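Tertiary structure, described
This is what each chain is made of:
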Amino acid sequence: MAGVSVQAFRRQGRRFGAGLVCSEMVSCAGLHHGNERTLGYLRIASDEHPLAVQIFGAEPALMAEAARMVEDAGADIVDINFGCPVRKVTKTGAGATLLEDPERAARIVSAVADAVDAPVSVKMRRGLEDGSRACLDLGPKLVDAGAATLTLHPRSAKQMYTGTADHMLTAELVERVDVPVIACGDVTSRARAQAVLASTGAAAVMIGRGAQGNPWALREIIGDDDEEPTREEIVAELILFVRETVREMGERRASGFLKKFYGWYLGRGRFPRPFKQELVVLDSTDEVVERLLVAAPGAAAVLERLEAEQPPVDDQLLELPVSIYGGG
Ligand SMILES: Cc1cc2nc3c(=O)[nH]c(=O)nc-3n(C[C@H](O)[C@H](O)[C@H](O)COP(=O)(O)O)c2cc1C
């Protein structure tokens, strides 16, 4: 998820039981031009594997070049974005636009699959307009072109995130292709995951927003532990996330980037609403951490344990970028 799936998010996802995590979407044009910010997305930590890195673009040759860079950076899967509904992306012919340009979409998948040894997967929406069934025609063509799996988020690009994901379409796609299909959209609990898997025949579910500030959802979905986290656990995870993000992108960028995460972690009735407001106006992440520890003093011991369990990391600042794209 653009602007969300930073390294700290992906490592946390793996720690809480995600079988596979995915990067933010990466611009193939940015990689081609050696854009420093874009290259920053290709930094992968050893404890993220298996990891997919997602690329987007409209030119088959540039996408093939980007795929090679992604594979060289250590990605286990190269994922292609045919779902991003954001205008900045669609107006270049990339993202969701390709759902209705099947000939070019197939050429992209074929060029990417020829360029790398890693499996190539494609993430789609249902189509551009509400009610569109474009993904059902496109899916088999992409498999013929070399896609090893397809992920469907069955909303239209026009819908953005309104309405609900129509997983009847996921079931139809499963019928039409002989590769694993991953169901994505509105899965936030084990019960919902089981219902979607049973009704669609999908091979797996992909979790997006449900894991924002809530890695415990992943643990519940895989059937490991359905206990609600304590205030201490929530604060400890948030502080770890803050510290890792500061290490990734530096204090200046991280302090703005992190603000949305405060609401995600502390919402859901976990902490009184004014508490989040207090945090977002603080100037530095040190002050945020201090304030969090005042609210839940017991979190310090949990945090210490968590940090001791983390694999050793390079202490150097990675200067990872903050995504300028809004979604997919
Ligand atoms: C902030 C945000 C950023 C996203 N960025 C991407 C992206 O870069 N690539 C992508 O394939 N999907 C992206 N998505 C879509 C999600 O991957 C997912 O398909 C969608 O949110 C539906 O799943 P959910 O209901 O579990 O969130 C993004 C979604 C959100 C909310």
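Attention in this report is confined to the structure presented alongside it. (Residues numbered from 1 in each chain as written. Predicted model: local features only at pLDDT ≥ 70, side-chain atom pairs only at ≥ 80, totals over all residues. Heavy atoms only, no water.)

**Quick look at the sheet that holds strand E3 (residues 77-82)**
The strands that make up a sheet pair up through hydrogen bonds in the backbone, lying either parallel or antiparallel. Here is the rule: Pairing between two strands is assigned when DSSP locates at least 2 bridges connecting them. By definition, any uninterrupted DSSP run of H or I lasting at least four residues is a helix, any uninterrupted run of E lasting at least two residues is a strand, and each is numbered from the N terminus. In this description, a line fitted to the C-alpha atoms serves as the axis of each element, helices being fitted only across the stretch in contact, and the angle between N-to-C directions of two axes falls anywhere from 0 to 180 degrees.
Spatial ordering of the open sheet is given by E1-E2-E3-E4-E5-E6-E7, a layout of 7 strands whose pairing is parallel. Every interior strand has two partners, whereas the edge strands, strand E1 (21-27) and strand E7 (204-206), have only one. Pairwise comparison of adjacent strand axes, ignoring direction, gives a mean angle of 30° for this sheet. Sheet topology places strand E5 (residues 149-156) next to strand E6 (residues 181-184); 3 bridges connect them, and they run parallel.

**Points about the site of the ligand**
Heads up, the condition is: Here a residue is considered near a molecule or strand provided that any single heavy atom belonging to it is located within 4 Å of it. N or O atoms closer than or at 3.5 Å make up a polar contact, with two conditions inside protein: a donor-capable atom paired with an acceptor-capable one, and, for residues adjacent in sequence, both atoms drawn from side chains. All accessible-area figures derive from a Shrake-Rupley calculation using a 1.4 Å probe, and residue coverage is judged against the displayed protein chains alone. Polarity classes work like this: nonpolar for Ala, Val, Leu, Ile, Met, Phe, Trp, Tyr, Cys and Pro, charged for Asp, Glu, Lys and Arg, and polar for all others, with Gly in that last group.
Around the ligand, 17 residues are found, and the nearest of them are Ala2, Gln54, Lys123, Asp186 and Arg209. Take Gln54: an N or O atom from its side chain is 2.7 Å from a nitrogen atom of the ligand. Taking Lys123, its side chain carries an N or O atom lying 2.8 Å from an oxygen atom of the ligand. With the chains in place, 92% of the 610 Å² that the ligand exposes on its own is no longer accessible. Here the residues of the shell around the ligand sort into 6 nonpolar, 8 polar and 3 charged.

**Observations concerning the packing of aromatic side chains**
Note the cut-off: Two aromatic rings, drawn from Phe, Tyr or Trp (for Trp, its six-membered ring), form a pair once their centres lie within 6.5 Å of each other, and the interplanar angle then sorts them: stacked below 30 degrees, edge-to-face above 60, tilted otherwise. Between buried and exposed lies partly exposed: a residue is buried under 20% and exposed over 50% of the maximum accessible area for its type, with that area taken using a 1.4 Å probe on protein chains only. Two conditions define a charge located above a ring, namely a distance within 6 Å from the ring centre to NZ of Lys or CZ of Arg, and an angle within 35 degrees of the ring normal.
Inspection of every chain in the model, using the stated rule, returns 7 aromatic pairs. With a centroid separation of 5.8 Å and 75° between ring planes, the pair formed by Phe16 and Trp216 is classed as edge-to-face. In this pair, Phe16 is assigned in the loop between helix H1 (7-15) and E1 and Trp216 in helix H10 (residues 216-221), connecting sequence segments 200 residues apart. You'll find Phe16 and Trp216 in the same group, each marked buried. Members of the aromatic cluster, each reached through a chain of ring pairs, are Phe16, Trp216, Phe241, Phe257, Phe261, Trp264 and Tyr265. Sitting over the face of the ring of Tyr161, Arg125 holds its NZ or CZ atom 5.0 Å from the ring centroid.

**Observations concerning the side chain of Arg155**
Rules: Every residue pair with non-hydrogen atoms within 4.5 Å of one another is taken to be in contact.
Position of Arg155 relative to the elements: it lies in strand E5. Separated by 2.9 Å, the side chain of Arg155 and the backbone oxygen of Thr162 make a polar contact. Contact partners of Arg155, with chain neighbours within four places excluded, come to Arg125, Arg126, Gly127, Met160, Tyr161, Thr162, Gly163, Thr164, Ala165, Asp186 and Arg209.

**Some thoughts on the pattern of salt bridges**
To keep it simple, the criterion reads: In what follows, salt bridge is the name for a side-chain nitrogen of Lys or Arg lying within 4 Å of a carboxyl oxygen of Asp or Glu.
Counted according to the given criterion, the structure contains 16 salt bridges. Across the pair Arg133 and Glu172 runs a salt bridge whose closest N-O atoms are separated by 2.6 Å. In this pair, Arg133 sits in the loop between strand E4 (120-127) and helix H7 (134-145) while Glu172 sits in helix H8 (residues 167-176), placing the two residues 39 residues apart along the sequence. Ionic pairing is found between Arg219 and Asp225, a salt bridge with its closest N-O pair at 3.6 Å. The structure contains a network of salt bridges with shared partners spanning Arg11, Asp47 and Glu244.

**With respect to the pairing of E6**
We apply this condition: Seen with its strands pointing away from the viewer, a crossover is right-handed if its path from the first strand over the helix to the second goes clockwise.
Alternating positions in E6 separate into two faces, Val181 and Ala183 on one and Ile182 and Cys184 on the other, with burial throughout. Chirality of the crossover, the property in question, places the unit of E5, H8 and E6 among those that are right-handed. The pairing of E6 with E7 spans 3 bridges and is classified as parallel. From the neighbouring strand, Ala183 faces E7, where its bridge partner is Val205. With respect to chirality, the unit in which E6 leads through helix H9 (residues 190-200) into the neighbouring parallel E7 is right-handed.

**Points about a negative patch on the surface**
Operational definition: For patch building, the residue pool is restricted to those with more than 30% relative accessible area and no salt bridge; the joining distance is 9 Å between like charges and 5 Å between nonpolar side chains (Val, Leu, Ile, Met, Phe, Trp, Tyr). His is not counted, nor are the chain ends, whereas Lys and Arg count as positive and Asp and Glu as negative. A single reference atom marks each charge: NZ on Lys, CZ on Arg, CG on Asp, CD on Glu.
A surface patch of like charges, here negative, comprises Glu251, Asp283, Asp286, Glu287 and Glu290. In terms of residue count, the dominant contributor to the negative patch is helix H14 (residues 285-295) (3 residues). Mapped onto the elements, Glu287 comes out in helix H14. For Glu287, a relative accessible area of 32% puts it in the partly exposed group.

**A look at the environment of Glu71**
Here Glu71 shows up in helix H4 (residues 60-73). Overall, the relative accessible area of 23% leaves Glu71 in the partly exposed class. If near-sequence neighbours (up to four positions away) are discounted, Glu71 is found in contact with Ala115, Val116, Asp117 and Ala118. Engagement of the side chain of Glu71 in a polar contact is seen with the backbone nitrogen of Asp117, the distance being 2.9 Å.

**Re the nonpolar core**
Test applied: Remark: nonpolar core denotes a set of buried residues (Ala, Val, Leu, Ile, Met, Phe, Trp, Tyr, Cys) joined through side-chain atoms within 4.5 Å.
Phe82, Met124, Leu142, Leu150 and Leu266 are the most contacted members of the largest nonpolar core, which totals 93 residues. Ranked by residue count, the leading element in this core is helix H11 (residues 231-257), at 11 residues. Judged by nonpolar contacts, the second largest core, of 7 residues, contains Ala2, Phe56, Val86 and Val89.

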